[in-house]
Amino acid sequence: MIQVANLVKRFGDTTVLDGIDLAIDQGEIIVVIGPSGTGKSTLLRCLNFLERPDAGQLTIGDLDVDVTRASRADILAARRRTAFVFQNYALFANKTALENIAEGLIVVNRWPQAKAHARAREILSRIGLADKADAYPASLSGGQQQRVGIGRAMAAQAEVILFDEPTSSLDPEWVEEVLALMKQLAAERQTMLVVTHEMGFARDVADRVVFMEGGRIVEQGPPSQLFNAPRDPRTRDFLRKVLAAQPAISPS
């Protein structure tokens, strides 16, 4: 469904992504972990051209594009096939929850307002916020705002949803409600590529966990293998540090 080949991204003299190869099947949930600053979020941003890659080939469904030659039409096509959930919610402050979810349908998909608003109400019901349709972001908790952000991604009916550390900006009491919604999507086999520090989520929900370091994929595999028997010493060292307080899922 999604194929990334030799993806490269540089910022000045610094290579942030150094030849990433990754394939994602339809309905697969991939969780990307690794140290901060290793290119995980940049990978997501390159997949829908929030950042322009310097080299590589990207295939999403029937779209196949050399990223160095991608036209404006190619970029728009990639963005229609991917939906992005930001760590800082990225909601329009002057629009209600309903309007935030409907906006992309109206502007990008050219839906009539009535149809877009009807779809937005369906989504709000699914994410447990039907009573917040007319609420503005400032009146919502962080968890509610992020659920609206996920609802916006759901409304797009994209081939894959890209989650960029969706719980990192949340207070602890709001994390679980966002993870619960993501688990609901995973149960529905929504294709997802998730960058997160939530190791419990990665263990319980992912079909495959990808460990990145230094702009490269070091190791990947099912959670049972990667958490319990990581092959690469860099993976073992990382997991030993982040799981020190979680012995139930620390590597053997």
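Refer to the preceding data block for the structure.
What you are looking at is a predicted structure, and each value in this text was computed from that prediction instead of being measured. Going along each chain's sequence as written, the residues are numbered from 1 onward. Owing to the predicted nature of the model, reporting of local features is limited to residues with pLDDT of at least 70; listing and counting of side-chain atom pairs is limited to 80 or more, with chain, interface and lining totals taken over all residues. Only hydrogens and water are removed before side-chain values are computed, so all heavy atoms of the structure are retained for them.

> Help me understand the environment of valine 209 in this model?
Here valine 209 is to be found in strand S9 (residues 208-213). For valine 209, the contacting residues outside a window of four places in its chain are Val31, Ile33, Ala202, Glu219, Gln220, Gly221, Pro223, Leu226 and Phe227. What counts as a helix is a DSSP run of H or I of at least four residues, what counts as a strand is a run of E of at least two, and both are numbered from the N terminus. We call two residues in contact whenever any of their non-hydrogen atoms come within 4.5 Å of each other.

> Sorry, what's going on with the nonpolar core here?
Note that soluble globular proteins tend to have their nonpolar side chains buried in a common cluster. One finds Ile33, Leu124, Ile150, Phe163, Met182, Met192 and Phe201 to be the most contacted residues of the largest nonpolar core, which totals 53 residues. When residues in this core are grouped by element, the largest group, 7 residues, is from helix H6 (residues 172-187). Among residues more than four places away in sequence, those in contact with isoleucine 150 are Val85, Phe163, Val178, Leu181, Met182 and Leu185. Judged by nonpolar contacts, the second largest core, of 30 residues, contains Ile24, Leu47, Leu63 and Ala77. Buried Ala, Val, Leu, Ile, Met, Phe, Trp, Tyr and Cys residues form a nonpolar core when they are joined through side-chain atoms within 4.5 Å. Here's how the labels work: a residue is buried when its accessible area is under 20% of the maximum for its type, exposed when over 50%, partly exposed in between, all with a 1.4 Å probe on protein chains only.

> Explanation requested: the packing of helix H5 (residues 142-155) against H6 in the structure shown.
Pairs of packed helices are described in terms of their axes, by the angle between the two and the distance that separates them. What counts as an axis is a line fitted to C-alpha atoms, over the stretch in contact for a helix, and the angles between N-to-C directions run from 0 to 180 degrees. Running from N to C, H5 and H6 cross one another at 20 degrees; their axes reach a closest spacing of 8 Å. It follows from the interaxial angle that H5 and H6 lie roughly parallel. At the point where H5 passes H6, the crossing takes the right-handed sense. Along the contact surface, H5 presents Gly142, Gly143, Gln144, Gln146, Arg147, Ile150 and Met154, while H6 presents Trp174, Glu177, Val178, Leu181, Met182 and Leu185. Each residue belonging to the contact of H5 with H6 can be placed in one class, and the counts come to 7 nonpolar, 4 polar and 2 charged. Should an angle fall under 35 degrees it is called roughly parallel, over 145 degrees roughly antiparallel, and 65 to 115 degrees roughly perpendicular, with every other angle called oblique. It is the rotation of the near helix from the far one that decides the hand of a crossing: anticlockwise by less than a right angle makes it left-handed, clockwise makes it right-handed. Throughout, the ten residues Ala, Val, Leu, Ile, Met, Phe, Trp, Tyr, Cys and Pro are labelled nonpolar, Asp, Glu, Lys and Arg are labelled charged, and all others, Gly among them, are labelled polar.

> How should I be thinking about H5 in this particular structure?
Every α-helix winds through 3.6 residues per turn, so residues three or four apart in the chain are directed the same way. For H5, with 14 residues, the first-to-last C-alpha span of 20 Å sits near the 20 Å given by 1.5 Å per residue. Of all 14 residues making up H5, 14 are buried, and the element is well covered by its neighbours. Positive phi shows up at glutamine 157, right after H5, with a value of about 50 degrees. Any helix carries an expected span of 1.5 Å times its number of residues minus one.

> Looking at this structure, how should I read the side chain of arginine 81?
The residue arginine 81 is located in helix H2 (residues 72-81) in this model. Its relative accessible area of 17% is what places arginine 81 among the buried residues. If we skip the residues at most four places from it in the chain, arginine 81 touches Ile60, Asp62, Leu63, Ala158, Glu159 and Val160.

> Looking at this structure, how should I read unusual backbone geometry?
Negative phi is the rule for most residues except glycine; trans is the rule for most peptide bonds. Unlike most non-glycine residues, alanine 90 shows phi in positive territory, near 55 degrees. Structurally, alanine 90 can be placed in the loop between strand S6 (82-85) and helix H3 (97-107). A positive phi angle, near 50 degrees, is found at glutamine 157, a position not held by glycine. Relative to the elements of secondary structure, glutamine 157 occurs in the loop between H5 and strand S7 (160-164).

> Sorry, what's going on with the packing of aromatic side chains here?
For any pair of aromatic rings, the description consists of the separation of the ring centres together with the inter-plane angle of the planes. In this analysis, rings of Phe, Tyr and Trp, with Trp reduced to its six-membered ring, are considered paired at centre separations within 6.5 Å, and the interplanar angle assigns stacked below 30 degrees, edge-to-face beyond 60, and tilted for intermediate values. Tallying each qualifying case throughout the model produces 2 aromatic pairs. For the ring pair phenylalanine 211 and phenylalanine 238, a centre distance of 5.2 Å and an interplane angle of 40 degrees mean the geometry is tilted. Residue phenylalanine 211 is found in strand S9, and its partner phenylalanine 238 is found in helix H9 (residues 233-242); the two are separated by 27 residues along the sequence. The two residues phenylalanine 211 and phenylalanine 238 agree in class, both being buried. Sitting above the plane of the tryptophan 111 ring, lysine 115 keeps its charged end 4.3 Å from the centroid. Note on criteria: charge over ring means Lys NZ or Arg CZ within 6 Å of the ring centre, with the direction from the centre no more than 35 degrees off the ring normal.

> Please clarify how the pairing of strand S4 (residues 55-60) should be interpreted in this entry.
Residues Gly56, Leu58 and Ile60 point to one face of S4 and are all buried, whereas Ala55, Gln57 and Thr59, pointing to the other face, are not buried. Pairing geometry for strand S1 (residues 2-11) and S4, over 5 bridges, is antiparallel. Note on S4: the bridge partner recorded for valine 4 is leucine 58. By this definition, two strands are paired if DSSP reports at least two bridges between them. As paired elements, S4 and strand S5 (residues 63-66) share 4 bridges and run antiparallel to each other. Note that in S5 the partner of glutamine 57 across the bridge is aspartate 66. Connecting S4 to the antiparallel partner S5 that follows it, the hairpin turn spans 2 residues, and glycine 61 within it adopts a positive phi of roughly 60 degrees.

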